[in-house]
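Residues per chain, in single letters:
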Amino acid sequence: MLTGKKITLGIAGGIAVYKVAELVSGLIKKGAVVKVIMTEGAQKFVQPLTFSALTGHDVYTDTFNSPRSGGVTHIELAQRADLFVVVPATANIIGKVASGIADDLLSTVLLAADCPVIICPAMNTVMYKNPVVQQNIAKLQQLGYHFIGPNCGRLACGTEGPGRMSEPGEILKYIAGFFQPGDLQGVNILVSAGPTREPVDPVRFITNRSSGKMGYSIAKVALQRGANVTLVSGPVNLSPPAGVELIKVETAQQMHTAMLERYDAAEVVIKSAAVADYRPLQVADKKIKKTADDLTLSMVKNPDILAELGQLKKHQILVGFAAETNDLDTYAREKLHKKNLDLLVANNVASPGAGFDVDTNVVSLYYRHQQVEHLPLMDKQQVAQRILDGVVALLAARRDGKG
């Protein structure tokens, strides 16, 4: 699978360094050629000799130590690699790369890299949630850097939450995905994401708290797994993954039209958008002035896009979402069958770490044939992976005549 693939591994200074030895061992067993760069901080946790023994190669720690070939160290390591992995990636190295800083060997090699780069964050929860760190991560994602993790759990500092480095097995599986055709190669996937806005007058609208993060994560992961992705998005503050066909909409009726126009060409439809159930019956052409103590809005029901897609379904795998605050299991099973879905992703938005405008989620996957899979707290990209694992299984079952 990885035989002969040249992988440069950049190790930054964090307590999770000890886990990287397991990752390196796994890469070597699969036939990869691994070169390791360690920062000064990383060497405080694990000695370079460990990685030298595992890889059979010198470990690089100094910008001015040239490789035996006589070339320039940072160019040799950067441009002769098929893949670059930074693990663990601290807030410091993420910030350096996002800002174009090259003040040690690892940051210098990263700036010279012309291969895909995978970044595996690991840091304290508060640091990870810091807006500056999140801004740096978003910037790098927009530039095409790949991220896996972090996971949620108990950290070395004693806190609980996101920031724990993904497990070596997860990272190894993710790396392997770069060197084999994706399991969704060539599959046409239609994804909806974000909220809708229903205008009241020229300056006001009715909306909901959906950030679009779940749908955008699904679109990104589907692309990585080889799919052709069309993303129908309500208004969000997110950058679309490079490579998707992006259709921007505002209202539920606009999303209804966009989804139906592209439905026949889709093999998989994942409707994660939080569409407004109702809209104002009349939209004022001028701003409504504050003249009375009370204001009554007459509302009319919007099209039920998911139900309509279920009625029209022919060859598609149809995936829906249910965001509930109570009686999750009852409502999920009812929606799964009532709307003719193949898979329903349900979550209780009142649960800690789940719901709107957060980077994590806690979901349960309800399948048409009664199977239910309850997932733990994960970041939304990991949830997206598990949803798409389910989609792949459904596609395979359909091909085998079992779906």
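Throughout what follows, the structure given in this document is the object of discussion. Model, not experiment: these values are computed from the prediction. (Residues numbered from 1 in each chain as written. Predicted model: local features only at pLDDT ≥ 70, side-chain atom pairs only at ≥ 80, totals over all residues. Heavy atoms only, no water.)

### Re the pattern of salt bridges
Alright, step 1. Following the criterion strictly, the structure yields 14 salt bridges and no others.
Alright, step 2. One salt bridge in this structure joins E167 and R164, with 3.7 Å as the shortest N-O distance.
Alright, step 3. You can call E167 partly exposed: its relative accessible area is 31%.
Alright, step 4. With a relative accessible area of 30%, R164 lands in the partly exposed category. (Salt bridge = Lys/Arg side-chain N within 4 Å of Asp/Glu carboxyl O. Buried < 20%, exposed > 50% of the residue type's maximum accessible area, 1.4 Å probe, protein only.)

### Comments concerning helix α6 (residues 105-112)
Alright, step 1. Burial analysis of α6 places 7 of its 8 residues in the buried class, the great majority of the element.
Alright, step 2. Those residues of α6 not exposed but buried are L105, L106, S107, T108, V109, L110 and A112. (Helix = DSSP H or I, 4+ residues; strand = E, 2+ residues; numbered from the N terminus.)

### Side note on the pairing of strand β20 (residues 364-367)
Alright, step 1. Every second residue of β20 is oriented toward a common face, with S364 and Y366 on one face and L365 and Y367 on the other, all of them buried.
Alright, step 2. As judged from the 4 bridges shared by strand β18 (residues 343-348) and β20, these two strands associate in the antiparallel manner. In the strand pairing of β20, L344 is matched with Y366.
Alright, step 3. Pairing of β20 with strand β21 (residues 372-374), which is carried by 3 bridges, proceeds in the antiparallel orientation. The partner of Y366 across the bridge, within β21, is V372.
Alright, step 4. Between β20 and β21, which follow one another and run antiparallel, lie 4 residues, and Q370 among them has a positive phi close to 75°. (Pairing = 2+ DSSP bridges.)

### What about the nonpolar core?
Alright, step 1. With 35 residues, the main nonpolar core has L184, I189, I270 and I387 as its most contacted residues.
Alright, step 2. Secondary-structure elements contributing two or more residues to this core are β9 (188-193), α10 (213-224), β12 (228-233), β14 (268-271), β17 (317-324), β18, β20 and α14 (380-399).
Alright, step 3. Element by element, the count of residues in this core is highest for α14, at 8 residues.
Alright, step 4. Residues I7, V24, V34 and L83 belong to the second largest nonpolar core, which totals 30 residues. (Core = buried A, V, L, I, M, F, W, Y, C linked by side-chain atoms within 4.5 Å.)

### A few points about unusual backbone geometry
Alright, step 1. The omega angle of the peptide bond from V87 to P88 is -10°, so this bond is cis rather than trans.
Alright, step 2. P150 follows G149 through a cis peptide bond whose omega is 10°.
Alright, step 3. With respect to the element layout, P150 can be found in the loop between β6 (146-147) and β7 (151-154).
Alright, step 4. If you check the backbone angles, D327 has positive phi at about 50° while not being a glycine.
Alright, step 5. Along the chain, the position of D327 falls in the loop between β17 and α13 (328-338).
Alright, step 6. Taking relative accessible area as the criterion, D327 reaches 48% and is therefore assigned partly exposed.
Alright, step 7. Of note, N340 is a non-glycine position whose phi angle comes to about 60°, a positive value.
Alright, step 8. With respect to the element layout, N340 can be found in the loop between α13 and β18.
Alright, step 9. Given a relative accessible area of 27%, N340 falls into the partly exposed group.

### Concerning the sheet that holds β12
Whether parallel or antiparallel, the strands of a sheet pair through hydrogen bonds between backbone atoms.
Alright, step 1. The strand order across the open sheet built from 8 strands is β13-β12-β9-β14-β17-β18-β20-β21, with neighbouring strands paired in mixed fashion. Whereas interior strands pair on both sides, the edge strands pair on one side only; in this sheet they are β13 (245-248) and β21. The mean inter-strand angle of the sheet, taken between neighbouring strand axes irrespective of direction, is 15°.
Alright, step 2. With respect to the sheet, helix α11 (residues 252-263) is in contact with β9, β12, β13, β14 and β17, its orientation differing from that of β9 by roughly 175°.
Alright, step 3. On the sheet, α14 packs against β9, β14, β17, β18, β20 and β21 and is oriented at approximately 145° with respect to β17. (Axes fitted to C-alpha atoms, helices over the stretch in contact; angles between N-to-C directions. Contact = heavy atoms within 4.5 Å.)

### Quick notes on the state of the cysteines
Alright, step 1. According to the stated counting rule, one finds 0 disulfides in the structure shown.
Alright, step 2. No disulfide involves C115; its sulfur sits 14 Å from that of C120, the nearest cysteine.
Alright, step 3. Classification of C120 by relative accessible area gives buried; the value is 0%. (Disulfide = S-S within 2.5 Å.)

### Overview of the sheet that holds strand β5 (residues 117-121)
Alright, step 1. Here we have 6 strands laid out as an open sheet, ordered β3-β2-β1-β4-β5-β6, and parallel in their pairing. Strand pairing shows two members of the sheet lacking a second neighbour, β3 (59-60) and β6, which therefore form its edges.
Alright, step 2. One ladder, built from 6 bridges, connects strand β1 (residues 6-11) with strand β2 (residues 33-38); its direction is parallel. By the bridge assignment for β2, K6 is matched with V33.

### Description of the environment of K30
Alright, step 1. Secondary-structure assignment places K30 in the loop between α1 (17-29) and β2.
Alright, step 2. Taking the relative accessible area as the measure of exposure, K30 reaches 32% and is therefore partly exposed.
Alright, step 3. Not counting chain neighbours up to four residues away, the residues in contact with K30 comprise L2, T3 and L172.

### With respect to the environment of L344
Alright, step 1. Position of L344 among the secondary structure elements: in strand β18.
Alright, step 2. The spacing of L344 and A322 is 22 residues in sequence and 7.1 Å in space, taken between C-alpha atoms.

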